[in-house]
Amino acid sequence: MSHSSFAVRLVGNLAAFAGFVLLVGWSIDYAAGWLGYPSHAFCTLLSPVIIVAYEIGVLMTCIGVIMWVVSFGKSESGLSLAIGGFLLFALPLVLPRYLGVACLL
């Protein structure tokens, strides 16, 4: 079994967790709006999720690039971590657009 499956599962689980946190905030906002109450749960959760995703994404990308370079381009795990780290950082930045939420950061 290849070690890249671990990297893929790690990236997938981190992205799923970040997405889950933001979707919970969006659901709270949607339910509060449906009941007639103002809520800003999504926008409140967005900034900390972006910060954490950025830090973890940069760390994963750096480790992935180092692994890939040290192995002379043969490490699938390194490449998976590098691409996944970038995508992990991008997820919280693009998710509000697809959910139709406008937040001032």
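Residues numbered from 1 in each chain as written. Predicted model: local features only at pLDDT ≥ 70, side-chain atom pairs only at ≥ 80, totals over all residues. Heavy atoms only, no water.

Caption draft 1: Summary view of helix 3 (residues 76-99). In a regular helix each residue adds 1.5 Å, so 24 residues correspond to 34 Å; helix 3 covers 33 Å between its end C-alpha atoms and thus fits that length. The sharpest bend along helix 3 comes to roughly 40°, located at L91, with the proline P92 sitting one to four residues further on. Here helix 3 has its buried residues at S77, G78, L81, A82, G84, G85, L88, A90, P92, L95 and P96. Two residues or fewer after helix 3 comes G100, characterised by a positive phi angle close to 80°. (Helix = DSSP H or I, 4+ residues; strand = E, 2+ residues; numbered from the N terminus. Expected span 1.5 Å × (residues − 1). Bend = angle between axes of the 7 residues up to and from the residue. Buried < 20%, exposed > 50% of the residue type's maximum accessible area, 1.4 Å probe, protein only.)

Caption draft 2: A nonpolar patch on the surface, seen in detail. A cluster of nonpolar residues, V65, W68, V69, L79, I83, F86 and L87, forms a patch on the protein surface that exposes about 650 Å² of accessible area. Only helix 2 (41-70) and helix 3 provide two or more residues apiece to the nonpolar patch. For the nonpolar patch, the element with the highest residue contribution is helix 3, accounting for 4 residues. Residue position: V65 is located in helix 2. Of the residues examined, V65 reaches a relative accessible area of 40% and is grouped as partly exposed. (Patch = residues over 30% accessible without salt bridge, like charges linked within 9 Å, V, L, I, M, F, W, Y side chains within 5 Å. Areas by Shrake-Rupley, 256 points an atom, 1.4 Å probe, with all protein chains shown as cover. Salt bridge = Lys/Arg side-chain N within 4 Å of Asp/Glu carboxyl O.)

Caption draft 3: View of the confidence of the model for the protein. The share of residues in the protein with pLDDT of 70 or more is 94%, and the mean pLDDT across the chain is 83. For the protein, helix 3 is the element with the lowest average pLDDT, namely 82, and helix 2 is the one with the highest, namely 88. (pLDDT = per-residue confidence, 0-100.)

Caption draft 4: Geometry of the nonpolar core. Among the nonpolar cores identified, the biggest contains 8 residues, and these are A18, V21, L22, F42, L46, V49, I50 and L95. Mapped onto this core, the elements with two or more residues apiece are helix 1 (4-35) and helix 2. Here this core gets 4 residues from one element, more than from any other, and that element is helix 2. Residues within four places of V49 in sequence aside, it is in contact with A18, V21, L22 and P92. Core analysis: the second largest hydrophobic core is formed by 5 residues, A7, V11, L81 and L88 among them. (Core = buried A, V, L, I, M, F, W, Y, C linked by side-chain atoms within 4.5 Å. Contact = heavy atoms within 4.5 Å.)

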